[in-house]
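# A closer look at the structure
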Amino acid sequence: MNREIPKNHYDLICVGGGIMSANLALMAKMLKPDLSILILERLGDVAQESSAAWNNAGTGHSALCELNYCPEQEDGSVSIKKAIEICKQFEITKQFWAHLVEKGFIEDPQHFLKPIPHHSWVTGEKNVTFLKKRFEAFKEHFMFDTIEYTDQISKMRDWFPLIMHDRTEDEVMAGSRIDRGTEVNFGVLTKRLYEILATAFDTPVHFHKEVEDLDPLDNGNWTAITKDLKTGKKQSIEADHIFIGAGGGALLLLETVEIEEKDGFGGFPVSGGWLVCKNKELIEQHNAKVYSKAGEGAPPMSMPHLDTRYVDGEKQLMFGPFAGFSPKFLKQGSNLDLVKSVNFKNIPSMLGAFWHNLDLTKYLIGQVTMTFDDRMNELRNFIKDAKNEDWRIEVAGQRVQTIKRDEFKGGKLEFGTQIVSGSDGKITCLLGASPGASTAPKIMLDVLEQAFPEIMNSPEGKKKLKEIVPSYKEEITKEHFNKELQRTTAILNL
């Protein structure tokens, strides 16, 4: 997949060999095959950071079970507005995958995609009341109308027996279920996308290439200053467009870019970890993704969940995530990343975000100081009789939560993904984390809208888009949604 950089000018340079660059480059080539695209990765292989299997939750984030997408309002009602948007975006993802299958680019989607029921599960009267209100709101919307709800121990025992072991009828709890959930190995998927780019579109990834700086040119283009990490050789490469999709490392590179839109952005690194089951008998007792509510002061991405996973062809069981702190912006980054990211233009944002998120700081301190026994006790909220010897710790990926300038607070933490773009669309950068990989096709379509509007808005481009992702920019009616859901379910063997 790797070879020497053959020329000095490209239509598009993608920085980073993760799932975002893969989606962007592949979609761009499918829409306009003659685009010249260069993909640069600092490591020796693709999908080694957030896209790697153990570095993310592996959940097809479609808002079927994630309670943070349905915030409770001041009047006590539950808003499902964000859940609807996330669900739409994941359906676009499935449509893109289905198109790749139809075109013969992906032979067996089961290599990276499995059907797994998605559940929400809560304990205590307050949380049960919340879950019931969420269920009632979901039931009225066609995207979620297959949802089931129960507060009966016997029914939950059918859904997730491992969690219900040793539960008594007097315990206050409730659960919901939607059958069409998915488990995704984003590492396997990402590698396949790059294989398609290399073999079908002559667009390989160039490894051990670090982009050190990005500079504007007088003609409106940009030049990327790259360093070969094996030879030390430096090279300047010109491009009409540059996309920074380097995961946690994107912020540091964005700060070298001379566009005013980048001012005020900062980042707060959060590391993570999972408890992974070693007992095959326990693993076979669970076939579900079960999400609960995040604890007091915890960020939304820290919702505890007990999940069935498929990694390297084997069924797995994991619990988490457990947050931690590291000054690194990438799992294979530098301990100086956080310090390097601070500058005069983002200090107010950083201080404002810190001051208004003291509960998050307290939460992270608590997480960092947790012992293995402490983590096992958290697991016992899900599996009462969990034994230490049946579990091990797996270090997860590094996330950088975006800090954005705020008029009133100075700065605020953004939970989600954010595109930062120059006014002419010549340079774009993706910051943030979850739902990330699950919604990568929709996010990258938004990048293409900014970078290549002439392609996206041409008659030929619009026609191809309808073939690739039928729901993009479409008003989603019940009829359209159900038709596309049925189609992708069949094609993807779900």
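In what follows, the structure referred to is the one given above.
Below is a short write-up of the structure. (Residues numbered from 1 in each chain as written. Predicted model: local features only at pLDDT ≥ 70, side-chain atom pairs only at ≥ 80, totals over all residues. Heavy atoms only, no water.)

## Things to note about the overall build of the protein
Along the protein, the regular secondary structure elements total 16 helices and 20 strands. Taking all 494 residues of the protein together, 57% fall into the buried category. Residue pairs in contact within the protein that sit at least 24 positions apart in sequence constitute 73% of those at least 6 positions apart. (Helix = DSSP H or I, 4+ residues; strand = E, 2+ residues; numbered from the N terminus. Buried < 20%, exposed > 50% of the residue type's maximum accessible area, 1.4 Å probe, protein only. Contact = heavy atoms within 4.5 Å.)

## Overview of the pairing of strand 6 (residues 173-178)
Taken residue by residue, a regular strand's side chains alternate between the two faces of the sheet. Counting buried positions along strand 6 gives six out of six residues, so the element sits mostly inside the fold. Burial of strand 6 is two-sided: the residues Met-173, Gly-175 and Arg-177 facing one way and the residues Ala-174, Ser-176 and Ile-178 facing the other way are all buried. Taken together, the six bridges between strand 4 (residues 118-123) and strand 6 define a ladder with antiparallel strand orientation. Within the sheet, the bridge partner assigned to Val-122 lies in strand 6 and is Ala-174. In the sheet, strand 5 (residues 148-150) pairs with strand 6 via three bridges, with the strands oriented antiparallel. For Tyr-149, the partnering residue across the bridge sits in strand 6 and is Ser-176. (Pairing = 2+ DSSP bridges.)

## A word on the environment of Leu-306
On the secondary structure map, Leu-306 appears in strand 14 (residues 305-311). Each C-alpha atom, one on Leu-306 and one on Ile-383, is 9.2 Å from the other, the two residues being 77 residues apart in sequence. Other than its neighbours up to four places away in sequence, Leu-306 contacts Ile-163, His-286, Ala-288, Lys-289, Val-290, Leu-317, Met-318, Phe-319, Leu-379, Phe-382, Ile-383 and Trp-391.

## Overview of the nonpolar core
Counting 56 residues, the largest nonpolar core has Leu-26, Phe-96, Trp-97, Met-444, Leu-445 and Leu-448 as the members making the most contacts within it. Among the secondary structure elements, those contributing two or more residues to this core are strand 1 (9-15), helix 1 (19-31), strand 2 (37-40), helix 2 (81-102), helix 6 (186-201), helix 13 (440-451), helix 14 (453-456) and helix 15 (459-468). No other element matches helix 1, which puts 10 residues into this core. Each residue touching Trp-97, except ones within four places of it in the same chain, is listed here: Phe-90, Phe-112, Leu-113, Val-184, Leu-189 and Leu-492. Counting 27 residues, the second-largest nonpolar core is a separate cluster that includes Phe-135, Phe-138, Phe-481 and Leu-485. (Core = buried A, V, L, I, M, F, W, Y, C linked by side-chain atoms within 4.5 Å.)

## What to know about the pattern of salt bridges
Tallied over the full model, the rule gives 23 salt bridges. Of the charged contacts, one joins Glu-210 and Arg-42 as a salt bridge, the two residues approaching to 3.5 Å between their closest N and O atoms. Of this pair, Glu-210 sits in strand 9 (residues 209-216) while Arg-42 sits in the loop between strand 2 and helix 2, and the two are 168 residues apart along the sequence. Take Arg-42: its relative accessible area is 27%, and that puts it in the partly exposed class. Lys-466 serves as the salt-bridge partner of Glu-474, at 2.6 Å between the closest nitrogen and oxygen. Judged by its relative accessible area of 36%, Glu-474 is partly exposed. For Lys-466, a relative accessible area of 39% corresponds to the partly exposed category. Counted as one network, the salt bridges with shared partners bring together Glu-183, Lys-289, Asp-307 and Arg-309. (Salt bridge = Lys/Arg side-chain N within 4 Å of Asp/Glu carboxyl O.)

## A word on the packing of helix 1 against helix 13
In a pair of packed helices, the angle between the axes and the distance between the axes together describe the arrangement. One way to put it is that helix 1 packs onto helix 13 with a least axis distance of 9 Å and a crossing angle of 60 degrees. The pairing of helix 1 with helix 13 is recorded here as oblique in orientation. Helix 13 is crossed by helix 1, and the crossing has right-handed handedness. Of helix 13, the residues touching helix 1 (which contributes Met-20, Asn-23, Leu-24, Met-27, Ala-28 and Leu-31) are Ala-440, Pro-441, Ile-443, Met-444, Leu-445, Val-447 and Leu-448. The class makeup of the residues in the contact of helix 1 with helix 13 is 12 nonpolar, one polar and no charged. (Axes fitted to C-alpha atoms, helices over the stretch in contact; angles between N-to-C directions. Parallel < 35°, antiparallel > 145°, perpendicular 65-115°, else oblique. Left-handed = near helix turned anticlockwise from the far one by under 90°. Nonpolar A, V, L, I, M, F, W, Y, C, P; charged D, E, K, R; others polar.)

## Side note on empty space enclosed by the protein
Scanning the entire structure with this criterion turns up one cavity of 30 Å³ or more. Counted as a void, the largest cavity has a volume near 40 Å³. Lining the largest cavity we find Leu-12, Leu-24, His-241, Ile-242, Phe-243, Gly-425, Lys-426, Ile-427, Thr-428, Val-447, Ala-451 and Phe-452. For the lining of the largest cavity, the secondary structure elements donating two or more residues are strand 11 (234-244), strand 20 (427-432) and helix 13. Ranked by residue count, the leading element in the lining of the largest cavity is strand 11, at three residues. (1 Å grid on protein atoms, 1.4 Å probe; cavity = no way out; pocket = protein on both sides within 12 Å on 5 of 7 lines; lining within 4 Å. Points joined across faces, edges and corners; volume = space filled by probe spheres on them.)

## Things to note about the packing of aromatic side chains
Counted under the stated rule, the structure contains 10 aromatic pairs. Pairing Phe-105 with Phe-201 gives two aromatic rings, centres 5.9 Å apart and planes at 50 degrees, and the pair type is tilted. A residue pair is termed long-range when its members are at least 10 positions apart, and Phe-105 in the loop between helix 2 and strand 3 (113-115) and Phe-201 in helix 6 qualify at 96 residues. The same class applies to Phe-105 and to Phe-201, which are both buried. (Phe/Tyr/Trp six-rings, centres within 6.5 Å; stacked < 30°, edge-to-face > 60°.)

## Quick notes on unusual backbone geometry
The omega torsion across Gly-320 and Pro-321 is 0 degrees, close enough to zero to call that bond cis. With respect to the helices, strands and loops of the structure, Pro-321 is situated in strand 15 (residues 314-324). Notably, Ala-47 is not glycine yet its phi reads approximately 55 degrees, a positive angle. Take Ala-47: it is sitting in the loop between strand 2 and helix 2. Positive phi values are uncommon outside glycine, yet Asp-202 reaches one of about 50 degrees. For Asp-202, the location among the structural elements is in the loop between helix 6 and strand 8 (205-206).

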